[in-house]
Number of protein chains: 2
Amino acid sequence: MDIEQFRKAGYQAIDRICDYYYSLQERSVVSKVEPGYLRQHIPLEPPEKGEDFQAIADDYQKFILPGLTHWQHPSFFAYFPTACTFEGMLGDLYASSTCNPGFNWLASPACTELEAIVMDWAASFLGLSPAFTNASGIGGGVIQTTASDSVLATVVAARARYQREHPDVKLEDLVIYTTSQTHSLGSKAGLVFGVHVRAIDVDLDDQLSLRGEALRNALEEDARIGRHPFILIATVGSTSSGAVDSIPEIREVAKDYPSLWVHIDAAWAGSALSCPENRGVLHLEDFNAFADSVCTNFHKWGLVNFDCSALWVRNRKNLTEALDITPTYLRTKHGDAGTVIDYRNWHLSLGRRFRSLKLWFVLRGFGVEGFRTYIRRCIELNNLFAQQVKTSEHLQLVTKPSLALTVFRLIPRPVSPDQPKFSLGPLNELNRIFFGRLSARDDIMLTQTSLNGIFCVRLAVGAARTTEEHVQQAYDIVSKEAKVALESWEQTANTAGAIIVA
Amino acid sequence: MDIEQFRKAGYQAIDRICDYYYSLQERSVVSKVEPGYLRQHIPLEPPEKGEDFQAIADDYQKFILPGLTHWQHPSFFAYFPTACTFEGMLGDLYASSTCNPGFNWLASPACTELEAIVMDWAASFLGLSPAFTNASGIGGGVIQTTASDSVLATVVAARARYQREHPDVKLEDLVIYTTSQTHSLGSKAGLVFGVHVRAIDVDLDDQLSLRGEALRNALEEDARIGRHPFILIATVGSTSSGAVDSIPEIREVAKDYPSLWVHIDAAWAGSALSCPENRGVLHLEDFNAFADSVCTNFHKWGLVNFDCSALWVRNRKNLTEALDITPTYLRTKHGDAGTVIDYRNWHLSLGRRFRSLKLWFVLRGFGVEGFRTYIRRCIELNNLFAQQVKTSEHLQLVTKPSLALTVFRLIPRPVSPDQPKFSLGPLNELNRIFFGRLSARDDIMLTQTSLNGIFCVRLAVGAARTTEEHVQQAYDIVSKEAKVALESWEQTANTAGAIIVA
């Protein structure tokens, strides 16, 4: 493809993306394809001769688009949102047009310098302590691929620091701390590094938040049996329910365990720190004061296209001392002199995309105000949904709504005031039927979760085009399917005599 | 930005990318900026109000472009190439326009299905054994971020397999095998996992290739001292010199060590397997017969924009058994039934970009023929350069040219036939002066390396727009700087009497 052919194909791509967004609302959220659908449309071998790009672009429309789940659809309420803004897209396009892997300063000075500046912008507008900025010269921010990636780099840094301080401790005795509500990245880190993971239990009465006492008990117990917890992955806004660990209490406990690295995983909720009114409930002041690292994914709720996971550390040396390898072919005079950041020593991989460009485009395009407006609208829309669940006949909030996330379940109204409570088993069965009905629809997408054994349904607001109307529609659908599920369950259950167990 | 504003900004981006490629040759390859340049142009805080996109796009031209190293410049011969094709760019653009993280089948069926198919295309046209294809149902291919990422996932799989077979072995006793010429990803994997790395020495006489005997000696020695090598990262086309380990000999040794995972890192040279004439020298038949995993980065020499690291494994269960964590919110009926691939269990992270789209666009746009034509042209151009080095007065090939890579150094012609040989120290000093002169230029970019203590200069051909003329220019520049370096060195050295040491 020559330059002029690219111009033509590029214009067409832009036009088709515009068409896609104009038509988005008319599409079903969930793809209707069945497993294996694509093998029926695509040959099993690559073509011998190059094909005309028009044919390729048309096949994208014909075969790929129908197989996509439309995460940007206004009725997409599943998982967490994946940001997708035009500003982000353009940032990605410009970055992709020069393709440089930016692993050290010389490999493309602008990539390193923009990342260092824009991560400081982001730190500032989220209210992070200046200690985390690149300008501090001690702490610093770096863009990683995903929150898992951020955690993996952090675990390596924490482990290296711990081993420097405790050179005789065996790998087998190291422990990563999480809670039973931590994202699967916690257990996956355990698999990756081959070390123990201790998932501390948290209570629904505490809104699934890790409390100081539970942490202290675990630390004391592990000390007694010769295990060495070296990092705690604390969550500010968990995936299942938006739970926020009790950072003030963790801070108190951490004073007695200075070797324990505390990582704040705010992958989703971090974006909400942009609004000052959310900083209290997210314990910003506390983690600013003591956390070793903080992560938020701008590609989730932060308007920046995937991938853009922002990681800040209080001491960059913990990363570089754990990860720096500089072979001859990567040495440069600036790197040797220490006058520049060589980001390759801040993460696991060597090569990296120029991701700061899209973050820069988004922060400038939206401005602090625009970013906050978006976050606040998502929270308001979620409150609208949660409010209706609260007052509904059959639905129940399982936890307090958290920012833009509601976790709820279906619960039958007692026939009489003295009817015994329903037991968990049948209720979960009912909610599985309920969620089964919701997930069979293609005009809305929600996800399931389990909170301490309670099967629940999650609704997360975040697509940029979601309005009050879509949220109302979502409630109406949920409400309707709840009734149908309830009726079918009551019939079956009454027959089986299984409903009521105290 | 609304849809029509995006159309306008998108057209402009396409036009500016066209301008960039029209002007590329007139730009200097290396950026002239000094460390810290960008802080002088960008405010320290993000704007309060959103800005007009035109201002942002203009700032990209004004402040970012001048700070880029132009990896696509026809006179870029540094590191290895980073692919950047219009087809790849368009694939990235379409993928970025729908932004879905594709971590399981349901999250976007097309993402998983296209990746499974296109990785089979790639396996087929590189000549990989059908055992590595997704269609085999046992092996399979997955796109990772980088070759480091591929190695990390592989090490986790290899370690888990080894520990299943040897449950009593301590992490402390595990060893990763590399050679002294393996990419830094080998030592970095050691840092990441906290395990030993043994870099087996290789000889210049063997063209820096790992020989069977050296491997066997290391294995026997480690067995004696109770260490457990569980993976060998064998290289097919090393970064420093394009060295190819002796896979046939490794295959023989591996027969006696069935628990040793052999990973083939063909990050750069893998693309050359597309041409049947390269398959012998790259030992395809041998590693097809026994390797546990193979990696090639299409984003290096494979025409696909960064990032696109292709990893194939002979047994996908080794990945999934080591990495599968499926919390409730990620469970789907298809995943539970095992009818679909859930790629999140094939790598370290959870979320992933829709990278197969650009691979599909490139393989269709170029076809097998177009891809081969490009690879063959790069090799021819490199041979053109190497041939001139060979016959030059002062330059010397340090190793045989490997595919599209030449490693050479400057070496003074003896004044008389009975003059003693120059010793390594002064020669390295001379070559540092030589490389210093080359790297002070901004019209060409090369990199340095060190081969068993010999300081060398590398030239790698790969930018899509490089022609015979650019390679000739490169040789002329190299030749000219060599003479100047030699003169200045001879003056200094003669004064100091330091040249001649037998």
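Every chain is numbered on its own, with residues counted from 1 as its sequence reads. Here the convention is simple: chains get letters from A, ligands get numbers from 1, in the order in which they are written. Predicted model: local features are reported for residues with pLDDT of at least 70 only, side-chain atom pairs are reported and counted for 80 or more only, and whole-chain, interface and lining totals are derived from all residues. Water and hydrogen atoms were dropped before computing side-chain values, which therefore reflect all heavy atoms in the structure.

As annotated in an unreviewed UniProt entry, chain A carries the name Aromatic-L-amino-acid decarboxylase and comes from Cyclocybe aegerita. UniProt positions are given in the numbering used here, feature names are shortened, and annotations may be inferred rather than shown by experiment. Taken directly from UniProt, the Cofactor (unreviewed entry) text for chain A runs: "pyridoxal 5'-phosphate". The annotation that UniProt attaches to chain A under Sequence similarities (unreviewed entry) is "Belongs to the group II decarboxylase family."

## Describing the nonpolar core
To form a nonpolar core, buried Ala, Val, Leu, Ile, Met, Phe, Trp, Tyr and Cys residues must be joined to one another through side-chain atoms within 4.5 Å. Classification of residues uses two cut-offs on accessible area relative to the type maximum, computed with a 1.4 Å probe and protein chains only: under 20% is buried, over 50% is exposed, and between them is partly exposed. Among the nonpolar cores identified, the biggest contains 283 residues, and A:F298 and B:F298 are the most heavily contacted of them. Numbering of helices and strands runs from the N terminus; a helix is a DSSP stretch of H or I covering at least four residues, while a strand is a stretch of E covering at least two. Here this core takes 17 residues from helix 13 (residues 356–391) of chain B, the largest share from any one element. The contact rule is simple, with two residues in contact once any of their heavy atoms fall within 4.5 Å. In contact with A:F298, other than residues within four places in its own chain, are A:A83, A:A122, A:F125, A:L126, A:L303, A:V304, A:C308, A:A310, A:W312, A:L359 and A:F371. Formed by 72 residues, the second largest nonpolar core is a distinct cluster that contains A:L171, A:L348, B:I176 and B:F230.

## A look at the relation of the copies chain B and chain A
Each copy is superposed on the other by least squares, with the fit set by C-alpha atoms of residues at a pLDDT of at least 70 in both. For the pair chain B and chain A, the best superposition has an RMSD of 0.0 Å and corresponds to a rotation of 180° with a translation of 0.0 Å parallel to the axis. The transformation just described matches what one would write down for a two-fold rotation axis. A symmetric contact is evident, with 100% of the interface residues of chain B recurring at the interface of chain A.

## Describing the sheet that holds strand 5 (residues 261–265) of chain A
Residues and elements named next belong to chain A. Strand order across the open sheet formed by seven strands is 1-7-6-5-4-2-3, with mixed pairing between neighbours. Taken across any chain shown, the strands that pair with only one partner, and hence form the sheet edges, are strand 1 (140–144) and strand 3 (196–200). Adjacent strand axes in the sheet meet at a mean angle of 20° when their direction is disregarded. By this definition, two strands are paired if DSSP reports at least two bridges between them. The pairing of strand 4 (residues 228–235) with strand 5 spans five bridges and is classified as parallel. Among the inter-strand pairings, A234 is bridged to a residue of strand 5, identified as I264. Sitting on the sheet, helix 4 (residues 109–126) touches strand 1, strand 6 (293–297) and strand 7 (309–313), and the angle it makes with strand 7 is about 85°. Docked against the sheet, helix 5 (residues 147–165) engages strand 1, strand 2 (174–179), strand 4, strand 5, strand 6 and strand 7, running at close to 150° with respect to strand 4. Think of each axis as a best-fit line through the C-alpha atoms, taken over the contacting stretch in the case of a helix, with angles from 0 to 180 degrees between the N-to-C directions.

## Considering the UniProt feature "modified residue: N6-(pyridoxal phosphate)lysine" (unreviewed entry) in chain A
Per the UniProt entry, the sites bearing "modified residue: N6-(pyridoxal phosphate)lysine" (unreviewed entry) are A:K300 in this numbering. Positionally, A:K300 belongs in helix 10 (residues 298–301).

## Considerations on the interface of chain B and chain A
Between chain B and chain A, the residue contacts involve 147 residues of the former and 147 residues of the latter. Summed over both partners, the interface of chain B with chain A comes to about 13100 Å²; 65% of that surface belongs to carbon and sulfur atoms. One speaks of a salt bridge when a side-chain nitrogen belonging to Lys or Arg is within 4 Å of a carboxyl oxygen belonging to Asp or Glu. At the junction of chain B with chain A, the criterion picks out 14 salt bridges. For A:D307, the salt bridge identified is with B:R353, shortest N-O distance 3.5 Å. Pairs of N or O atoms within 3.5 Å make up the polar contacts considered here, provided that, within protein, one atom can donate a hydrogen while the other can accept it, and that residues adjacent in sequence are counted only when both atoms are side-chain atoms. Counting the contacts that link chain B with chain A gives 68 residue pairs in polar contact (both at pLDDT 80 or more). Here the side of chain B that touches chain A gets 17 residues from one element, more than from any other, and that element is helix 1 (residues 3–23) of chain B. Accessible area that two parts lose when put together, with a 1.4 Å probe and added across both, is what the buried area reports.

## Here we look at the pattern of salt bridges
Under the definition given, this model contains 62 salt bridges over all chains. Its salt-bridge partner being A:R39, residue B:D120 comes within 3.8 Å of it at the nearest N-O pair. Taken together, the positions of B:D120 in helix 4 (residues 109–126) and A:R39 in the loop between helix 1 (3–23) and helix 2 (53–64) put the pair across two chains. According to the relative accessible area criterion, B:D120 is buried, its value standing at 7%. Residue B:E51 is joined to A:R364 by a salt bridge in which the shortest nitrogen-to-oxygen separation is 2.8 Å. Of this pair, B:E51 sits in the loop between helix 1 and helix 2 (53–64) while A:R364 sits in helix 13 (residues 356–391), which puts the two residues in different chains.

## Quick look at helix 1 of chain A
A helix is expected to span 1.5 Å for every residue after the first. Taking 1.5 Å per residue as the helical rise, helix 1 of chain A with its 21 residues ought to reach 30 Å, and the 30 Å between its terminal C-alpha atoms agrees with that figure. Measuring from the side-chain oxygen of the N-cap residue of helix 1 of chain A to the backbone nitrogen of A:E4 gives 3.1 Å; that N-cap residue is A:D2.

## Observations concerning the environment of A:T373
Its place among the elements puts A:T373 in helix 13. Along the primary structure A:T373 and A:T391 are separated by 18 residues, whereas in three dimensions their C-alpha atoms are 27 Å apart.

## Describing the domain arrangement of chain A
All names here are of chain A. With domains assigned, chain A is organised as domain 1 (3–68), domain 2 (132–317) and domain 3 (365–496). Using C-alpha coordinates to define each centre, domain 2 is positioned 29 Å away from domain 3. On the side of domain 3, 23 residues touch domain 2, which itself brings 27 residues to the contact. For the pair domain 2 and domain 3, the summed buried area comes to about 2000 Å², and 64% of that belongs to carbon and sulfur atoms. For domain 2, the biggest contributors to the area lost against domain 3 are L204, W301 and L303; these three give 32% of the whole. Our enumeration of links across domain 2 and domain 3 arrives at one salt bridge. Between R376 and E277 there is a salt bridge, and its shortest N-O distance comes to 2.5 Å. The tally of links between domain 2 and domain 3 comes to eight residue pairs in polar contact (both at pLDDT 80 or more). Residue ranges labeled as domains rest on an automatic or database domain assignment.

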